[in-house]
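The lines below spell out each chain.
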Amino acid sequence: MGRFWWVKESQRTTPLVVTMENPNYSIVEINGPESYSSNSNKDHSKSPKQFTWVLLLKAHKAANFISCFTSFLFSFPSLLRQRISIKTKPSKGSILFKFIRGFLFLCLITLGFELIGYFNKWNLPRFHNPNLHMPEIQNWVHFAYLSWISFRVKYIAYPIQIMSNICVVLFIIQSLDRLILCIGCFWVKLKGLKPRIKSEPFKEDGTECEKYPMVLVQIPMCNEREVYEQSICAICQLDWPKDRFLIQVLDDSDDESIMSLIQSEVAKWQERGINIIYRHRLVRKGYKAGNLKSAMSCDYVKYYEFVTIFDADFQPNPDFLKQTIPHFKGNPDLGLVQARWSFVNKDENLLTRLQYINMSFHFEVEQQVNGIFLNFFGFNGTAGVWRIKCLEDSGGWLERTTVEDMDIAVRAHVNGWKFIFLNDVKVLCEVPESYEAYRKQQHRWHSGPMHLFRLCIPPIITSKISVWKKANLILLFFLLRKLILPFYSFILFCVILPLTMFVPEAELPVWVICYVPVLLSLLNVFPAPKYFPFVIPYLLFENTMSVTKFNAMLSGLLQLGSSYEWVVTKKAGRTSSEGNQGEKEQMKIDKNKEINKGDLPKVKKANKIYKKELAIALLLLTAAVRSLLSARGVHFYFLLFQGAAFLLVGLDLIGEQMN
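Residues numbered from 1 in each chain as written. Predicted model: local features only at pLDDT ≥ 70, side-chain atom pairs only at ≥ 80, totals over all residues. Heavy atoms only, no water.

### Looking at the overall build of the protein chain
- Of regular secondary structure, the protein chain possesses 17 helices and 9 strands.
- Counting only residues that meet the buried cut, the protein chain has 50% of its 659 residues in that class.
- Sequence-distant contacts, at least 24 apart, represent 79% of the contacts inside the protein chain between residues at least 6 apart. (Helix = DSSP H or I, 4+ residues; strand = E, 2+ residues; numbered from the N terminus. Buried < 20%, exposed > 50% of the residue type's maximum accessible area, 1.4 Å probe, protein only. Contact = heavy atoms within 4.5 Å.)

### Here we look at the pairing of strand S9 (residues 418-429)
- The buried fraction of S9 amounts to 9 of the 12 residues, a majority that puts the element mostly inside the structure.
- Where strand S7 (residues 334-343) and S9 come together, 9 bridges link them in parallel fashion. Directly across from valine 337, in S9, lies its bridge partner isoleucine 420. (Pairing = 2+ DSSP bridges.)

### Description of unusual backbone geometry
- A positive phi is found at tyrosine 287, a non-glycine position, where the angle reads about 55°.
- Phi at aspartate 652 is positive, roughly 60°, even though this residue is not glycine.
- As for its position among the elements, aspartate 652 is in the segment after helix H17 (633-650).
- Note on aspartate 652: relative accessible area 3%, which makes it buried.

### Quick look at the packing of aromatic side chains
- Tallied over the full model, the rule gives 30 aromatic pairs.
- When the ring of phenylalanine 343 is compared with that of tyrosine 356, the centres are 6.1 Å apart and the planes differ by 90°; the resulting orientation is edge-to-face. Here phenylalanine 343, found in strand S7, pairs with tyrosine 356, found in helix H8 (residues 350-373); they are 13 residues apart in sequence, far enough to count as distant. When sorted by exposure, phenylalanine 343 lands in the same class as tyrosine 356, which is buried.
- The ring of phenylalanine 477 has lysine 482 lying over it, and the distance from NZ or CZ to the ring centre is 4.4 Å. (Phe/Tyr/Trp six-rings, centres within 6.5 Å; stacked < 30°, edge-to-face > 60°. Lys NZ or Arg CZ within 6 Å of the ring centre and 35° of its normal.)

### Describing the sheet that holds strand S3 (residues 215-221)
- Here 7 strands make up an open sheet; going across it, the order is S5-S4-S3-S6-S8-S7-S9 and the pairing mixed. If you trace the sheet from one side to the other, it starts and ends with strand S5 (276-280) and S9, each paired once. Direction aside, neighbouring strands of the sheet carry axes that sit 20° apart on average.
- Inspection of the sheet shows S7 paired to strand S8 (residues 384-387) by 3 bridges, in the antiparallel sense. (Axes fitted to C-alpha atoms, helices over the stretch in contact; angles between N-to-C directions.)

### Structural notes on helix H12 (residues 467-502)
- Taking 1.5 Å of rise per residue, the 36 residues of H12 would be expected to cover 52 Å, yet its terminal C-alpha atoms sit only 46 Å apart, more than 12% below that figure.
- In terms of burial, H12 is largely enclosed, as 27 of its 36 residues are buried. (Expected span 1.5 Å × (residues − 1).)

### Description of the pattern of salt bridges
- As enumerated under the stated definition, the model contains 22 salt bridges in all.
- Across the pair aspartate 311 and lysine 288 runs a salt bridge, and its minimum N-O distance is 2.9 Å. In this pair, aspartate 311 sits in the loop between strand S6 (306-309) and helix H7 (320-324) while lysine 288 sits in helix H6 (residues 287-296), placing the two residues 23 residues apart along the sequence.
- When the shortest N-O distance is used, the salt bridge between aspartate 407 and arginine 411 registers 2.9 Å. Here aspartate 407 and its partner arginine 411 are both found in helix H10 (residues 404-414), 4 residues apart, which amounts to about one turn of the helix. The exposure classification of aspartate 407 matches that of arginine 411, with both residues buried.
- Each of the salt bridges in this network shares a partner with another, and the network as a whole consists of Glu114, Arg152, Glu505 and Arg626. (Salt bridge = Lys/Arg side-chain N within 4 Å of Asp/Glu carboxyl O.)

### Topic: the pairing of S3
- Of all the 7 residues making up S3, 7 are buried; the element is thus mostly covered by neighbouring parts of the structure.
- Because side chains alternate across S3, one face comprises the buried residues Val215, Val217, Ile219 and Met221, and the other comprises Leu216, Gln218 and Pro220, equally buried.
- As judged from the 7 bridges shared by S3 and strand S4 (residues 245-251), these two strands associate in the parallel manner. From the neighbouring strand, isoleucine 219 faces S4, where its bridge partner is valine 249.
- This β-α-β element, S3 to helix H4 (residues 228-236) to S4, shows right-handed connectivity. (Right-handed = clockwise from strand over helix to strand, strands pointing away.)

### Structural notes on the packing of H8 against helix H14 (residues 535-557)
- Taken N-terminus to C-terminus, the directions of H8 and H14 make an angle of 85°; their axes are 11 Å apart at the nearest point. On the basis of the axis angle, H8 is roughly perpendicular to H14. Between H8, through Leu351, Leu354, Ile357 and Asn358, and H14, the contact on the second element is made entirely by Pro537, Tyr538, Phe541, Glu542 and Lys549.
- Of the residues contributing to the contact of H8 with H14, the split by class is 6 nonpolar, 1 polar and 2 charged. (Parallel < 35°, antiparallel > 145°, perpendicular 65-115°, else oblique. Nonpolar A, V, L, I, M, F, W, Y, C, P; charged D, E, K, R; others polar.)

### A word on the packing of H12 against helix H16 (residues 611-629)
- Running from N to C, H12 and H16 cross one another at 35°; their axes reach a closest spacing of 9 Å. Considering only the axes of H12 and H16, their crossing is left-handed. Between H12, through Phe490, Phe493, Cys494, Pro498, Met501 and Phe502, and H16, the contact on the second element is made entirely by Ile616, Leu619, Leu620, Thr622, Ala623, Arg626 and Ser627. (Left-handed = near helix turned anticlockwise from the far one by under 90°.)

### Observations concerning the nonpolar core
- Counting residues in each nonpolar core, the largest one holds 158 residues, and the members touching the most others are Ile232, Ile247, Trp386 and Phe490.
- One finds Trp122, Tyr145, Ile149 and Val153 within the second-largest nonpolar core, a separate group that totals 6 residues. (Core = buried A, V, L, I, M, F, W, Y, C linked by side-chain atoms within 4.5 Å.)

### As for the confidence of the model for the protein chain
- Per-residue pLDDT for the protein chain averages 83, and the proportion of residues at 70 or more is 78%.
- Per-residue pLDDT stays below 50 along residues 577-581; that stretch engages in 17 contacts with residues further than four places along the chain or on separate chains. (pLDDT = per-residue confidence, 0-100.)

### Considerations on the side chain of asparagine 380
- For asparagine 380, the location among the structural elements is in the loop between H8 and S8.
- In this structure asparagine 380 touches Gln338, Trp341, His362, Phe363, Gln367 and Asp405, once residues within four positions along its chain are discounted.

### Some remarks on the environment of leucine 480
- Residue placement: leucine 480 occurs in helix H12.
- Separated by 307 residues in the primary sequence, leucine 480 and isoleucine 173 place their C-alpha atoms 8.4 Å from one another.
- What leucine 480 contacts, discounting residues up to four positions off in sequence, is Ile173, Gln174, Asp177, Leu475 and Leu485.

### Description of H10
- Burial within H10 is extensive, with 11 of its 11 residues counted as buried.
- Residues of H10 that are buried include every one of Glu404, Asp405, Met406, Asp407, Ile408, Ala409, Val410, Arg411, Ala412, His413 and Val414, and no others.
- Looking at the packing, one finds that the buried side of H10 touches H6, S8, helix H9 (388-393), S9, helix H11 (435-462) and H12.
- Following H10 by one or two positions, glycine 416 has its phi on the positive side, about 95°.

### Focus on the environment of lysine 464
- Looking at where lysine 464 falls in the secondary structure, it is placed in the loop between H11 and H12.
- C-alpha of lysine 464 to C-alpha of asparagine 415: the two residues are 49 residues apart in sequence and 8.1 Å apart in space.

### Regarding the side chain of glutamine 218
- Residue position: glutamine 218 is located in strand S3.
- What makes glutamine 218 buried here is its relative accessible area of 0%.
- If sequence neighbours within four positions are ignored, glutamine 218 has contacts with Gln248, Leu250, Leu292, Ala295, Met296, Val307, Thr308, Ile309 and Phe310.

### As for the environment of serine 264
- When you line up the elements, serine 264 lands in helix H5 (residues 256-271).
- A sequence separation of 14 residues divides serine 264 from tyrosine 278, and the C-alpha atoms of the two residues are 9.9 Å apart.

### Overview of a nonpolar patch on the surface
- Where nonpolar side chains cluster on the molecular surface, the patch consists of Ile172, Leu176, Leu179, Ile180, Ile183, Trp511, Tyr515 and Val634 and spans about 760 Å² of accessible area.
- Where the nonpolar patch is concerned, the elements lending two or more residues are helix H3 (140-191) and helix H13 (510-525).
- In terms of residues, the nonpolar patch owes the most to one element, H3, which gives 5 residues.
- Secondary-structure assignment places tyrosine 515 in helix H13. (Patch = residues over 30% accessible without salt bridge, like charges linked within 9 Å, V, L, I, M, F, W, Y side chains within 5 Å. Areas by Shrake-Rupley, 256 points an atom, 1.4 Å probe, with all protein chains shown as cover.)

Have a look at this one:
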């Protein structure tokens, strides 16, 4: 006897009772197969009860779907308002955004043509011969499609291929530079190369040469409500004779409540016998460089031999000066000793983890290798000790760029001073926890060097340093690592790659898209092996940041308005068990933070929308759809994941929300 498709073996003797989740429906009882006729002519028929049950199940599913969809439609506007910062002022579209928007519009039109051709089976294989034979024209749409193919083969494919080849060459050069740095780091680890203190330790009672030198400690800050207390607390506990060092709190705040808090903190440590003073400028000119320049103009500075700088979120260990200052003894050509940064919030969220990978490579590989083999690297702006004579010989702090730290380092190197980097000496600080803060920081860090490059080229060329040092400064330090890297990253992955999907006659090798970038990302993660699971997110995020870096590089190179824009990086005031404060002191700081937070009005956090990133996300996803028509598997997956990464960043779904 035939069996019904909806009847199971277990249902032969037991009735089946189905209870509907929705109370609007009643209970329906369905009997077993005995209720059906054994007549062979009715084997494939359904009883009225079975038919009613199937209809009710379908109606139930449809009702649930309509209910869920309706609730989503009603809740979507409120969700959208939560994700978008309503108070964000509309800004005028930049030239880069207009270019991306126009590029996206052309790609969407082209994709429409390609889809029409694909479904009508007009799609042709990739032709490299401009004199290709066209099939018979069917209608005007077919004619337009064939005209597009002919136009792209004759006029578009070759220029795109040239641009692609140029970017590939730049990519190879930059990859080799990264590989050489990694080999240098391996050699340093293998041989145990690092700066060592060769002189005798300082003595409080002894000859003039054996005494502790006079050290000036500067803490530049501006509206640093969250971190001023823990920073001043850590620096006031430096292990150095109290009469041999002076702490300058250089406050550029324009908020009177914050100024009052900082003054109270300084007065508290003065009562404890610490040699600390508070300075405030009425006119905040020149940002951080102007603040440091003003502090160095004090009459008492001539009595000091060294100056160390800590930004407001830095918390040095008590033995910081004893680990750095002795390197200057017996080394008159040494102008700078730079310590490494360590981060208290590196595991706060995905954004901080990705930043930690980047900063670990910067310090472990770039700074350490350049310091050992070249005695030169870019000053990090904080956690470093300068010989004051070096600063004076190099022209002091200048207000001409937003990267005053790199500016003074280049001028000191041109004047023949040497630098050393101490990878073992670490100073606690923070990385930005929100994408908005990180984005502004990266804009300043990439626009300033290009602005400085324009200013430093003539002095470098006319300087008396060796040709090798000139080549290193111009070709490697500025051009390759500050200009070419953001240029090819953006052009290659955000322009050339989508173009090759719509113009398949121009090809981009798979190894450029996938294999070599993954290998380089693995090398970048090497200094932080704990974060190897984040290799792929790191690769995608770095490509996403190429938009901000490329835009900043252009603004600095062309001296646009945003090239001299300085926004203080927002800090959260995180503390760590690695800090040097005692338990009682730390409890006081935490208690004061809670009190200060209670006095502040509560501001709702909201996300921002980043138009450039969203436009590129749509562009890459459009190119991913086009890659499916050409059956390019690797290209499709890369474009899909990279487009998703741009989408997450564009909707500000990475990192903490901003107030």
